[in-house]
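Tertiary structure, described
One-letter residues, chain by chain:
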Amino acid sequence: MKNSIASQLILKLSLVFLFGLSINGCTNPTNTTTNNNSQEIISKQEPISQAERVVALTSLSADIIHQLDASKLVGVAGSSLIKQDPRFQDITTVSEGRSQPDLEKIMELKPDLVVGADGFSDQTLAKLEELGVNTVSTKVDSWLALQDTIKILAGAIDADPQPLLDSYQSLLPAKLESNISTLVLVSRQPILAPNKNSWTGDLLTQFKVNNVVADLQGSGQFSGYVTLSPEKILETNPEVIIIVDPAREGILEQLKQEDFWSELNAVKRDRIYTFDYYGLVNPGSMAKVKDTLTQLAQLTQND
């Protein structure tokens, strides 16, 4: 039976969503925990510093390492974003699609650091730690978490994070008076929308966008998403609606067939926008983040 859009979205979220950081390793385990807003960093070994050979198991970490110091990147995952990026054509691929990384390929590269994603790379990273390889597990659900990720990875390869941080910080508006009511829809059956506890919700906050479901609590596996009824959408009646269609199954066209759709202010004002899954829902890569920031800036300027 064909999976629903929601099922495919949840699969993507479980595979590639990133939030927070932890640094792991070998030798006698010691735990040092530091809270930084939503992010927690847990160290289990000697601090990682001056890594010379890095394998990145996510497209986001590969992009960050490449921009910080491309000479340090020796292996990447075979994700769709990596395959589409010519910068990585000559770098060894250690996995294909959503499959688990090939440990033998990774070890052949003799890495002194492997960067993975919490929830997806756990098993691989644990095995690498047993083999004495330093690892970093990343998760990102906020702008601050992304900044901290860049700083941690820069520290691990002895690079200066500031140019990269500054280039992306400059894409955020210095002053905004927007506060336009907005609803982001990422699934049709059921209708799912991100609240403030998500990467999407935090980006909307950065642009002073009034996310109409920001304070609603999700009850499923991902607390950053809420399920909405047509009645609830009519109640919020946003001025702007952003559609994300990760499975490319025509969410917008399906919604247009609903009786409530034509009654919404956003529809009457023709303020319906389509965004890429990568960048808005999942950071994906720094390039995708940049595209999303640019699109959000244009949207708020049109308010």
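Residues numbered from 1 in each chain as written. Predicted model: local features only at pLDDT ≥ 70, side-chain atom pairs only at ≥ 80, totals over all residues. Heavy atoms only, no water.

Per an unreviewed UniProt entry, the protein is named Periplasmic binding protein, and its organism is Cyanobacterium aponinum. The record held by UniProt for the protein lists under Sequence similarities (unreviewed entry) the comment "Belongs to the bacterial solute-binding protein 8 family." (UniProt positions renumbered as here; feature names shortened; annotations may be inferred.)

Moving on, we get to the overall build of the protein. Looking only at helices and strands, one finds 13 helices and 14 strands in the protein. Evaluated residue by residue, the protein yields a buried proportion of 52% over its 303 residues. Excluding contacts between residues fewer than 6 apart, the proportion of contacts in the protein whose partners are at least 24 apart in sequence is 63%. As presented, the protein carries roughly 14,200 Å² of accessible surface, and 45% of it is formed by carbon and sulfur atoms. (Helix = DSSP H or I, 4+ residues; strand = E, 2+ residues; numbered from the N terminus. Buried < 20%, exposed > 50% of the residue type's maximum accessible area, 1.4 Å probe, protein only. Contact = heavy atoms within 4.5 Å. Areas by Shrake-Rupley, 256 points an atom, 1.4 Å probe, with all protein chains shown as cover.)

We now examine the packing of helix α2 (residues 59-69) against helix α6 (residues 143-156). If you want to describe how two helices pack, look at the angle between their axes and the distance between the axes. In the contact formed by α2 and α6, the axes pass within 10 Å of each other and the chain directions differ by 55 degrees. Relative to α6, α2 is oriented oblique. When the axes of α2 and α6 are compared, the crossing they make is right-handed. Along its contact with α2, which presents L60, S61, I64, I65 and L68, the element α6 presents L146, T149, I150, L153 and A154. By residue class, the composition of the contact of α2 with α6 is eight nonpolar, two polar and no charged. (Axes fitted to C-alpha atoms, helices over the stretch in contact; angles between N-to-C directions. Parallel < 35°, antiparallel > 145°, perpendicular 65-115°, else oblique. Left-handed = near helix turned anticlockwise from the far one by under 90°. Nonpolar A, V, L, I, M, F, W, Y, C, P; charged D, E, K, R; others polar.)

The next subject is the packing of α6 against helix α7 (residues 162-169). At a closest axis distance of 9 Å, the pairing of α6 and α7 adopts a crossing angle of 160 degrees. Relative to α7, the element α6 lies roughly antiparallel. The two elements α6 and α7 cross, and the hand of that crossing is right-handed. On α7, the residues that touch W143, Q147, I150 and K151 of α6 are L164, L165, Y168 and Q169. Looking at the contact of α6 with α7, its residues break down into five nonpolar, two polar and one charged.

Next up on the list: the side chain of T135. Inspection of the secondary structure puts T135 in strand β8 (residues 135-139). Polar contacts involving the side chain of T135 include one to the side chain of E129, which spans 2.9 Å. (Polar contact = N/O pair within 3.5 Å; in protein donor to acceptor, adjacent residues only side chain to side chain.)

Okay, the sheet that holds strand β14 (residues 272-275) next. An order of β11-β9-β13-β14 is seen for the four strands of this open sheet, with the pairing classed as parallel. Because the sheet does not close on itself, it has two edges, and the strands there are β11 (210-211) and β14. One ladder, built from two bridges, connects strand β9 (residues 181-185) with β11; its direction is parallel. Residue pairing for β11: S181 is matched across the bridge by N210. Sheet contacts for helix α13 (residues 286-301): β13 (240-244) and β14; angle to β14, the most-contacted strand, approximately 170 degrees. (Pairing = 2+ DSSP bridges.)

To continue, consider α6. Because an α-helix completes one turn every 3.6 residues, residues spaced three or four positions apart along the sequence face the same direction. Here α6 contains 14 residues, and its C-alpha end-to-end distance of 20 Å stays within 8% of the 20 Å for a straight helix at 1.5 Å per residue. Taking burial as the measure, the 14 residues of α6 include ten buried ones, the bulk of the element. Two residues or fewer after α6 comes D158, characterised by a positive phi angle close to 60 degrees. (Expected span 1.5 Å × (residues − 1).)

A few words now on empty space enclosed by the protein. Taken as a whole and judged by the stated rule, the model has one cavity of 30 Å³ or more. Within this model, the largest cavity holds a volume of roughly 40 Å³. Lining the largest cavity we find W143, L146, Q147, I150, L165, Y168 and Q169. Put simply, the parts of the chain that give the lining of the largest cavity at least two residues each are α6 and α7. Its residues assigned to classes, the lining of the largest cavity shows five nonpolar, two polar and no charged. (1 Å grid on protein atoms, 1.4 Å probe; cavity = no way out; pocket = protein on both sides within 12 Å on 5 of 7 lines; lining within 4 Å. Points joined across faces, edges and corners; volume = space filled by probe spheres on them.)

Here the focus is unusual backbone geometry. Following Q189, the chain continues to P190 via a peptide bond in cis, the omega torsion being 0 degrees. Even without glycine at this site, K110 takes up a positive phi of about 50 degrees. As for its position among the elements, K110 is in the loop between α4 (103-108) and β7 (113-117). Of the residues examined, K110 reaches a relative accessible area of 66% and is grouped as exposed.

Summed over the entire model, instances satisfying the criterion amount to three aromatic pairs. Aromatic pair F260 and W261: ring centres 6.4 Å apart, planes at 75 degrees, arrangement edge-to-face. According to the relative accessible area criterion, W261 is buried, its value standing at 5%. (Phe/Tyr/Trp six-rings, centres within 6.5 Å; stacked < 30°, edge-to-face > 60°.)

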